[in-house]
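Chains, contacts and geometry: an overview
Residue-level listing of the chains:
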Amino acid sequence: MSNNLKRLTFATGALLLAVALFSVGYILLPLFSLIKQSFLPDGISSSLFSVRAYAEILRSTFFEAALNSIGISLCSVIGSAIAGIFFAYVFHNFDFPLKAIFSKLVLVPLALPPLVGVISFMFLIGESGMLTRGIAALLGIAPSHFALQGWWGIVAVHVYSFYVYFYLFTSSALNQLSESHGSVIDASLSLGASRAVTIRRIILPMLTPSFVGASLITFMASMASFSAPFLFGGTTRFLTLEIYTAKLNGNDANAAAFAVLLSMVSVGFLLLLRWYQSRKSYLRVTKGSSRRSTVPHSAAARFIAVAVALIVVGLFSLPVIAIIILSFVKEGSWTYQILPDTFTAQNFIKLFSDTHVFEPVTNSVEMAFVATAIVVFIGVCTSFLVVRNKFIGKRLLELLMNVPFGIPGTVIAVGLILSFNHPSFFSAQSILVGTFWILPLAYAVRNLPILFRSTASGLESVDPSLEEAAMTLGSTGWRIFKKITLPLLFSSIVSGALLVFINSLGEFVSSILLYSYNTRPISIEILSQLRLYNVGGAAAYCTLLMVLVMAAVGISSKISRATLAE
Amino acid sequence: MADLSLRNISKSFGKVQAVAPLNLEIHSGEFFSLLGPSGCGKTTLLRIVAGLEQPATGSLFLNQKDITALPPQKRNIGLVFQNYALFPHMTVFQNVAYGLEVLNRTKAEIRTKVISVLEKVQLDGKQSVAVPNLSGGEQQRVALARALVVEPQVLLFDEPLSNLDYALRLETRSVIRRLQKETGITNIYVTHDQSEALAISDRIAVMNSGAIQQIGTPQELYFSPANRFVASFIGHANFFSAEICRSCFGIQAIGENEVLVVLPEEISIERQMESTSKVESISTLPSDGKANGKIIDVQFSGAVVEYVIDFFHQRITATCSSAKHSGDLQIGSEVAVSLSGKNNRKVSREQ
Amino acid sequence: MKFTLCIFLSFIFLSCNSSNKTPLVVYSPHGKDMLEEFEKRFEKVHPDVDVQWLDMGSQDAYDRIRTEKENPQADMWWGAPSTMFIRAEKESLLAAYTPAWADHIAPENRSAHNFWYGTFATPEVIAFNSHLLTSEEAPKDWNDLLDPKWKGKIILRYPLASGTLRIIFSSIIAQSVKNYGTDENGFQWLRRLDANTKAYTPDPTQMYLRLAREEAEVTLWDMPDIVFQAEVNHYPFGYNFPKSGTVSLTDGIAIVRGCKHEKLAEEFYEFVTSKESMILQARKFYRIPARNDIPRDSLPKWITSTHFTSMPIDWNLIAQHESEWMEKWDSEIKGKGSQ
């Protein structure tokens with residue numbers, strides 16, 4: 001039917017008010033502080049408004065850095081797309097032994113906190129990494145010849161961290177395609193089209209919207225990525241690094257101007273893809289069910305595809321293995337050897353003999369919980385409002401929900417500090433800087449887009465006539481939401497919330513600016529160990545963090561199953 | 001028992017007028033159908049009655065009470081959806097019990113009512129089955145039971161049978177009809193299938209382009225269509241111009257801007273051996289039973305046989321009962337076309 | 001659902017049981033081990049105080065103190081090169097305090113207006129991987145580093161993020177200004193160093209790591225840290241003092257302006273800079289005291305046996321121009337030396 005969107009009622013109006021307050025107070029206001037700072041080159045206490053910072057950065061390094069950032073982001077999108085789509089296709093179309101385990105392994109990068117991932121990458125593919133040295137010894141070439149440095153190093157880290165988005169988006173689209181639109185594949189084949197033609201002309205175009213969504217996330221995340229360029233970038237300029245450098249030099253206005261322009265590039269890309277996506281959407285949940293339909297393949301093709309996929313998936317779990325090995329390596333014993341040879345449990349003994357060891361752990365778990373709760377509330381409300389209702393400013397709200405993804409964590413943290421180091425309406429007239437609340441708030445703002453996207457797309461696939469049916473049966477707003485919408489959305493909310501929780505658990509980019517003694521998270525403890533060159537101790541903490549992440553994954557799937565069974 | 005009255009109701013989406021201002025009276029206990037091609041506004045009208053859409057103008061009265069501003073929850077009007085809209089995360093029992101739980105009925109009462117309504121729709125024993133595991137026909141009946149169990153004053157159906165196969169359609173439609181007669185609930189039934197509408201309705205409103213073309217009993221619509229649209233939509237009727245009527249059928253009482261409405265079963269045809277190829281215009285044609293048409297298609301559909309005839313460059317259809325079908329009426333046969341019956345329905349040449 | 005809610009609520013509950021001790025917040029790059037030691041020692045004397053240290057790089061500490069200027073979170077800033085303190089003093093981030101031992105320190109190692117005082121002397125050295133090079137083979141003076149034979153074998157901290165490297169680079173330019181009246185020769189020298197440099201590492205750990213793991217052979221770093229890594233963690237590190245004289249950096253301490261517990265901060269100030277503390281820091285944590293009244297026989301051998309010539313340096317010139325020079329290095333020299 002034509003137009004099923006609802007006008008606002010009193011209740012949804014109140015929700016909208018809450019959501020609007022949140023996005024104005026914690027997304028828009030910090031951004032505004034940042035913009036303000038970029039126009040005050042003589043410090044925020046002066047009132048001399050000037051575009052000097054912009055003039056300076058545009059004259060010096062902006063274009064070089066922007067070109068590199070955009071280039072690396074596009075490379076990351078292409079690389080992630082190839083890996084993610086390939087895996088999704090293989091896992092969707094073929095059956096092979098231990099598929100259940102391998103399909104879990106594909107998701108490993110999601111569970112690896114970025115900080116841990118970057119550290120383990122260093123020890124794997126850095127010039128003296130296990131993998132690099134191993135291959136060098138096998139081939140008898142100097143490791144410096146194929147160490148993943150510079151561009152390729154960064155792209156490797158990005159692809160590793162971001163291909164999962166493509167994998168997840170494509171898998172769910174493929175499932176939808178074959179379950180609701182399976183007949184189109186059969187139709188194409190019966191019209192005499194070859195496999196290749198069917199894939200190119202039918203399947204790919206129908207999956208395009210999913211690809212666009214995943215590209216957007218990957219692009220924005222790569223633009224905002226700091227650690228990978230920082231560790232592997234060498235002397236190449238990137239926008240996030242320029243922000244950092246300007247800040248190091250005490251030039252806050254230039255740093256803010258870089259951040260503003262970086263956000264503009266990201267938001268521009270977002271708008272571009274939005275515009276493109278709004279014109280094309282094929283996959284709709286249709287009525288009735290048809291049988292699952294896939295493209296047939298020859299035995300040889302299956303074998304090669306599955307073999308390649310499994311080898312790569314195996315490689316993808318190496319970082320986890322590397323960290324675990326490192327946590328057992330005796331401090332200072334691993335220098336010129338390919339693989340470490342002296343092992344000890346000392347790192348863990350030292351870790352657990354520290355009486356304060358669990359403080360950062362409980363801090364992180366607690367803050368991640370609060371952040372997840374905030375994100376779930378705001379994200380679910382917003383997606384409900386945006387998908388099911390019509391109101392003025394809807395597009396803007398949707399945009400605001402996506403913006404934080406394209407902004408580096410440091411920038412969000414600085415924005416929050418600038419906005420809340422004095423009493424403000426949005427902090428109930430108290431000062432948030434230095435308190436517990438500012439950390440979960442920063443985590444929440446950074447991760448809101450993840451949950452918003454997963455919930456909104458989940459909600460889009462819930463047939464609105466279910467809610468209408470409940471209405472005609474006498475049920476009212478809240479009850480319909482609780483009894484019908486929420487249970488149907490539950491799995492997308494849980495999976496989104498899990499991601500938010502994991503990300504918050506290991507977050508360090510904004511934590512490092514915001515934490516205080518009582519709220520120091522695990523990531524800061526890891527950095528602290530690294531600063532003292534306790535690589536083993538850091539790895540032991542990383543292992544602990546991964547155990548926590550696995551516990552979270554376990555609990556969330558239990559919650560999911562329990563609710564399903566109810 | 002409820003009278004429903006729509007006064008001056010209209011609705012548009014953007015610039016498209018989905019429903020032109022219209023009035024409609026639906027009587028208590030009536031089985032009323034909205035019939036029309038897709039996009040004619042019938043579903044929108046139904047959703048307005050259910051309260052899922054707000055009309056742009058006009059008001060809606062249920063038992064003389066204005067319910068225009070009431071939300072769907074407070075109208076006590078049930079709706080059976082085209083795609084059933086069963087809650088996929090609930091069992092059959094939970095789906096049907098949902099409406100009663102909303103009304104805060106006791107557990108025991110809910111149980112009795114759900115079981116009794118499931119018996120009525122012949123689904124006893126399926127209470128604990130998960131909805132996605134049911135067949136299409138069963139899902140349809142769960143949807144029906146779910147709407148019925150709260151005893152609504154009016155029950156609305158939005159093309160409820162369009163996803164079922166022919167046999168199930170016939171079966172389910174008789175279940176619907178039987179239940180309506182048993183309960184006496186006022187039913188409004190939206191469909192694009194004229195045979196379905198004719199079979200189960202007390203009265204039908206035929207809609208096209210957002211406007212009601214005619215309201216009447218199935219017989220009235222079938223035998224005295226108000227306009228050319230209704231005639232062709234309801235009866236697949238043939239239309240003959242005044243010129244043909246005069247020269248071929250000897251009917252003089254017809255105006256120049258009128259056409260004669262002839263139902264397929266009112267046309268009789270007879271095989272003729274002589275060719276019509278010499279005939280050049282209608283005016284030269286003798287009305288003496290010479291061949292004037294040619295069969296271009298024959299379709300056997302069980303009870304009746306349908307002939308498609310090329311009649312003066314116009315395609316007309318004629319049906320006769322299968323029993324009377326003779327083997328020499330085949331594709332390519334030259335036939336003489338004549339009229340049987342009263343043939344006094346004339347409608348305007350325009351739609 | 002209820003289960004999750006219970007966990008959640010219990011966590012909220014747990015987070016509320018804060019103690020009623022007075023917190024003293026210290027920003028410091030001195031590392032977990034040393035900070036924990038002095039937290040325990042200070043709290044033993046002041047049982048009603050809870051020392052809360054935030055272990056972070058000196059640049060991070062400076063950044064935070066600057067961002068928090070309107071609402072300071074820290075009481076103490078323990079550890080940063082003197083040039084950073086000079087800048088912080090100019091930006092009015094510090095509170096003046098005169099410690100009891102104010103007379104026992106060279107005037108260039110303290111603020112003229114008592115805003116900060118030097119704690120440790122950190123001479124910079126040419127460090128090398130002793131598994132690959134002997135002291136004889138390693139570069140022995142600044143200009144040795146420019147020899148083409150070290151091309152691709154030098155690894156440095158990313159200077160913008162490192163107080164140590166900022167000082168070394170700035171000192172070289174300051175020398176050029178002093179000797180030739182222009183910074184051009186200094187930048188020329190840095191350009192040639194860049195040509196020999198394999199990589200700039202984002203943090204010290206990376207630098208140690210890559211030096212130890214033989215990705216590079218030579219670096220520039222401070223002597224106490226190199227000694228610490230070699231003696232405590234047994235990494236294969238050795239060092240040479242540049243023959244023509246080295247840069248010796250002063251690490252300082254200061255109280256944050258507008259802090260919440262100024263009295264307590266002063267006590268902590270005196271406590272960690274007392275003679276006993278300085279000796280402990282020298283023995284256990286490889287710090288060279290800046291105070292000149294510490295008895296030499298109480299100091300470890302690695303300090304007393306150390307002899308080096310200092311490069312005379314105009315610290316105010318550096319503090320004034322450091323940002324500008326580093327910006328120029330970053331935009332005009334970094335990665336372009338070999339072109």
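Residues numbered from 1 in each chain as written. Chains lettered and ligands numbered in written order. Predicted model: local features only at pLDDT ≥ 70, side-chain atom pairs only at ≥ 80, totals over all residues. Heavy atoms only, no water.

**Description of the environment of S424(A)**
Residues and elements named next belong to chain A. Topologically, S424 is positioned in the loop between α19 (409-420) and α20 (438-460). Taking relative accessible area as the criterion, S424 reaches 8% and is therefore assigned buried. In this structure S424 touches S419, Q429 and S430, once residues within four positions along its chain are discounted. A distance of 3.0 Å separates the side chain of S424 from the backbone nitrogen of F426, its partner in a polar contact. (Helix = DSSP H or I, 4+ residues; strand = E, 2+ residues; numbered from the N terminus. Buried < 20%, exposed > 50% of the residue type's maximum accessible area, 1.4 Å probe, protein only. Contact = heavy atoms within 4.5 Å. Polar contact = N/O pair within 3.5 Å; in protein donor to acceptor, adjacent residues only side chain to side chain.)

**A word on the interface of chain C and chain A**
Across the boundary between the two partners, chain C contributes 61 residues, which contact 56 residues of chain A. Summing both sides of the interface, chain C and chain A together bury roughly 5600 Å²; the carbon and sulfur share of this comes to 53%. Ionic pairing is found between D330(C) and R237(A), a salt bridge with its closest N-O pair at 3.3 Å. At the boundary of chain C with chain A, the tally comes to 12 residue pairs in polar contact (both at pLDDT 80 or more). For the side of chain C that touches chain A, the elements supplying multiple residues, two or more each, are α1 (2-15), α2 (32-45), β2 (49-55), α3 (58-67), β7 (197-201), α7 (204-212) and α12 (315-333) of chain C. Class assignment of the residues belonging to the side of chain C that touches chain A gives a composition of 21 nonpolar, 19 polar and 21 charged. (Buried area = accessible area lost by both parts, 1.4 Å probe. Salt bridge = Lys/Arg side-chain N within 4 Å of Asp/Glu carboxyl O. Nonpolar A, V, L, I, M, F, W, Y, C, P; charged D, E, K, R; others polar.)

**Describing the domain arrangement of chain B**
All names here are of chain B. With domains assigned, chain B is organised as domain 1 (4-232) and domain 2 (239-348). Distance between the C-alpha centres of domain 1 and domain 2: 40 Å. The interface is formed by nine residues belonging to domain 1 together with eight residues belonging to domain 2. When domain 1 packs against domain 2, the two sides together hide about 660 Å² of surface, and 69% of this comes from carbon and sulfur. Looking only at domain 1, the three residues that lose the most surface to domain 2 are Y222, F223 and R228, adding up to 65% of its buried area. (Domains from an automatic or database assignment.)

**A closer look at the sheet that holds strand β16 (residues 314-321) of chain B**
Residues and elements named next belong to chain B. Read across the sheet, five strands follow the order β13-β17-β14-β15-β16 without closing on themselves; strand pairing throughout is antiparallel. Single-partner strands in this sheet number two, and they are β13 (267-271) and β16. Averaged over all neighbouring strand pairs, the angle between strand axes comes to 40°, with direction disregarded. Bridge count for strand β14 (residues 293-301) against strand β15 (residues 304-311) is eight bridges, and the pairing is antiparallel. Opposite V298, over in β15, you have Y307 as the bridge partner. (Pairing = 2+ DSSP bridges. Axes fitted to C-alpha atoms, helices over the stretch in contact; angles between N-to-C directions.)

**Describing the interface of chain B and chain A**
With 27 residues of chain B at the contact, the number on the chain A side is 24 residues. Taken together, the two surfaces of chain B and chain A that pack against each other cover about 2300 Å², and 64% of this comes from carbon and sulfur. Of all residues in chain B, Q73(B), H89(B) and Y98(B) bury the most surface against chain A, accounting for 25% of the area lost on that side. Counting every contact that joins chain B to chain A gives one salt bridge. Between R47(B) and E468(A) there is a salt bridge; the shortest N-O distance is 2.6 Å. Applying the counting rule to chain B against chain A returns six residue pairs in polar contact (both at pLDDT 80 or more). Looking at the side of chain B that touches chain A, the elements with two or more residues in it are α1 (42-50), β6 (77-80), α2 (92-102) and α4 (136-148) of chain B. Sort the elements by how many residues they give to the side of chain B that touches chain A and α2(B) lands first, with four residues. In terms of residue class, the side of chain B that touches chain A is built from 15 nonpolar, eight polar and four charged.

**Structural notes on the domain arrangement of chain A**
Residues and elements named next belong to chain A. Each assigned domain of chain A is listed here: domain 1 (1-38 + 354-531) and domain 2 (53-178 + 208-279). Taking the mean C-alpha position of each, domain 1 and domain 2 sit 23 Å from one another. If you look at the interface, domain 1 gives 23 residues, while domain 2 gives 32 residues. Note on domain 1 versus domain 2: buried area summed over both sides is about 2400 Å², and carbon and sulfur give 75% of it.

**Brief notes about the packing of aromatic side chains**
The description of an aromatic ring pair uses the distance of the two centres, along with the angle that the planes make with each other. Counted by the stated rule, this structure contains 52 aromatic pairs over all chains. Ring centres of Y165(A) and F405(A) lie 6.4 Å apart, and the angle between their planes is 75°; on these two criteria the pair is classed as edge-to-face. In this pair, Y165(A) is assigned in helix α8 (residues 150-180) and F405(A) in the loop between α18 (394-402) and α19, connecting sequence segments 240 residues apart. Both rings, one in F31(B) and one in Y189(B), keep their centres 5.6 Å apart while their planes meet at 45°; by these two values the pair is tilted. (Phe/Tyr/Trp six-rings, centres within 6.5 Å; stacked < 30°, edge-to-face > 60°.)

**Describing the sheet that holds strand β5 (residues 65-66) of chain B**
All names here are of chain B. If you trace the four strands from one edge of the open sheet to the other, you get β2-β1-β4-β5, paired in antiparallel fashion. Lying at the two open borders of the sheet, with one neighbouring strand each, are β2 (16-26) and β5. In the packing of α1 onto the sheet, the strands contacted are β1 (4-13), β2 and β4 (57-62), and the crossing angle to β1 comes to about 120°.

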